[in-house]
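Overview (structure and organization)
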Amino acid sequence: MKKIQVLCQTYSSTDNGIKTRVATYMVSPSTSMRALAVRALCAAQQADPDFRCPQTESENDFSIEINLNGHTKQSQLMGIKYKLSQDGSILFLDNYEQLTSDWTYGELVNLRRSEYIDGDINCIVFRLPEGLGSFGGDLRKLFDVLTIVNLIFSNLGYGFTCEEIKTQSEPNVVQNWLQSNLYRLSQIRGFLDEKATWNTQEVMTRLRLNEEETIQLMTELGYCLERNSWKLATTQEAAEKRKVWLQHEQEEETRLTKEVEASIYGTLKGTDQLI
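Here we summarise the structure given alongside this text. Since we're looking at a predicted model, the values are computed, not measured.

Criteria and cut-off values
Residues numbered from 1 in each chain as written. Predicted model: local features only at pLDDT ≥ 70, side-chain atom pairs only at ≥ 80, totals over all residues. Heavy atoms only, no water. Phe/Tyr/Trp six-rings, centres within 6.5 Å; stacked < 30°, edge-to-face > 60°. Helix = DSSP H or I, 4+ residues; strand = E, 2+ residues; numbered from the N terminus. Buried < 20%, exposed > 50% of the residue type's maximum accessible area, 1.4 Å probe, protein only. Pairing = 2+ DSSP bridges. Axes fitted to C-alpha atoms, helices over the stretch in contact; angles between N-to-C directions. Contact = heavy atoms within 4.5 Å. Polar contact = N/O pair within 3.5 Å; in protein donor to acceptor, adjacent residues only side chain to side chain. Arc of directions from axis to C-beta. Parallel < 35°, antiparallel > 145°, perpendicular 65-115°, else oblique. Nonpolar A, V, L, I, M, F, W, Y, C, P; charged D, E, K, R; others polar.

**Side note on the packing of aromatic side chains**
Per the stated rule, a full pass over the model turns up eight aromatic pairs. Judged by centre distance (5.7 Å) and plane angle (80°), the ring pair of F92 and F191 falls under edge-to-face. Note that F92 is positioned in strand 5 (residues 90-92) and F191 in helix 7 (residues 185-192), a separation of 99 residues in sequence. Grouping residues by exposure puts F92 and F191 together as buried.

Structural data, given as structure tokens:
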């Protein structure tokens, strides 16, 4: 057991926009951060009614941002977006899942030690988000995964189709990434940009790739292998590959924005909300 500091935060019209209450708790590696958040927030509510807390720890849809104090990574602005699966691969969380997922204290320690997140592991922040909703709907994740897999690994001869994925019994990168909730180019680059150096085995494990796929992926992102470590290369060829990747990301984002706008238009069509 060890003692950690907990900061409970909520948005406020005073207190410079954020109201904070500080407490200390004893935790072990198996301590649920979500359960601890409920305890801490309910204690804060007793002292200050501006704080909200769920009625029970089983209210899984109650949104809580769980984070490390003093974090600097852009990826942690809305909370922690990664979980480690039992097989060592990374599970990518969307904005809603970041606010409704749970981590043990030991999981946060492992993520921090691996440099996928940063901040003070001895000071955990529980923040109540305000004005957040979730955009539901079918994001056609299979189509999106097929698109990025066939794009990244075209040099390996990959050209998966939906029918092939449905009928194949052997696991492949498409099935692996679907299970990891990995379906955007920006997710891949954002995760790999969390660290300055990577070794091949770590990338293979976290992204559920074989060695050939790993080498292809890192090369397409502008990395080079130096002394058994992958680092962003400074060559013109690497810069061009990085530029092409970012262009594909922008195209991906434009397509997603159009899909969201079309969905909203379809929802509002025929109502007095459509201007």
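**A word on the sheet that holds strand 3 (residues 65-69)**
Remark on secondary structure: sheet strands pair via backbone hydrogen bonds, oriented parallel or antiparallel. An order of 2-1-6-3 is seen for the four strands of this open sheet, with the pairing classed as mixed. Each end of this open sheet is capped by a strand with a single partner; those strands are strand 2 (18-27) and strand 3. The mean angle between the axes of side-by-side strands here comes to 30°, regardless of whether they run parallel or antiparallel. Summarising the sheet, strand 3 and strand 6 (residues 120-128) pair through five bridges and their orientation is antiparallel. What sits directly across from I66, in strand 6, is F126. Sitting on the sheet, helix 1 (residues 33-47) is in contact with strand 1 (2-11), strand 2, strand 3 and strand 6, with an inclination near 125° to strand 2. Against the sheet, helix 3 (residues 105-113) makes contact with strand 1, strand 2, strand 3 and strand 6, and its axis sits at roughly 115° relative to strand 6, the strand it touches most.

**Topic: the environment of F160**
Looking at the element boundaries, F160 is found in the loop between helix 4 (141-152) and helix 5 (162-167). Note: C-alpha distance between F160 and V174 (14 residues apart in sequence) is 8.3 Å.

**A short note on helix 9 (residues 211-220)**
E213, T214, Q216, L217, M218 and E220 are the residues of helix 9 that are buried. The N-cap of helix 9, judged by a side-chain oxygen 3.1 Å from the amide nitrogen of E212 a few residues on, is N210.

**What to know about helix 7**
Because an α-helix packs 3.6 residues into every turn, residues spaced three or four apart end up facing the same way. For helix 7, every residue scored as buried is listed here: L185, Q187, I188, F191 and L192. Axial view of helix 7: buried residues confined to an arc of 165°, hence all on one face.

**Things to note about the packing of helix 8 (residues 200-207) against helix 9**
Here helix 8 crosses helix 9 at 100°, and the two axes come no closer than 9 Å. Regarding the angle of helix 8 to helix 9, the classification is roughly perpendicular. Along its contact with helix 8, which presents T200, V203, M204 and L207, the element helix 9 presents E211, T214, L217 and M218. Of the residues contributing to the contact of helix 8 with helix 9, the split by class is five nonpolar, two polar and one charged.

**Considerations on the side chain of K195**
Checked against the element boundaries, K195 lands in the loop between helix 7 and helix 8. With a relative accessible area of 14%, K195 lands in the buried category. Setting aside anything within four residues of it in sequence, one finds K195 in contact with S114, E115, Y116 and E202.

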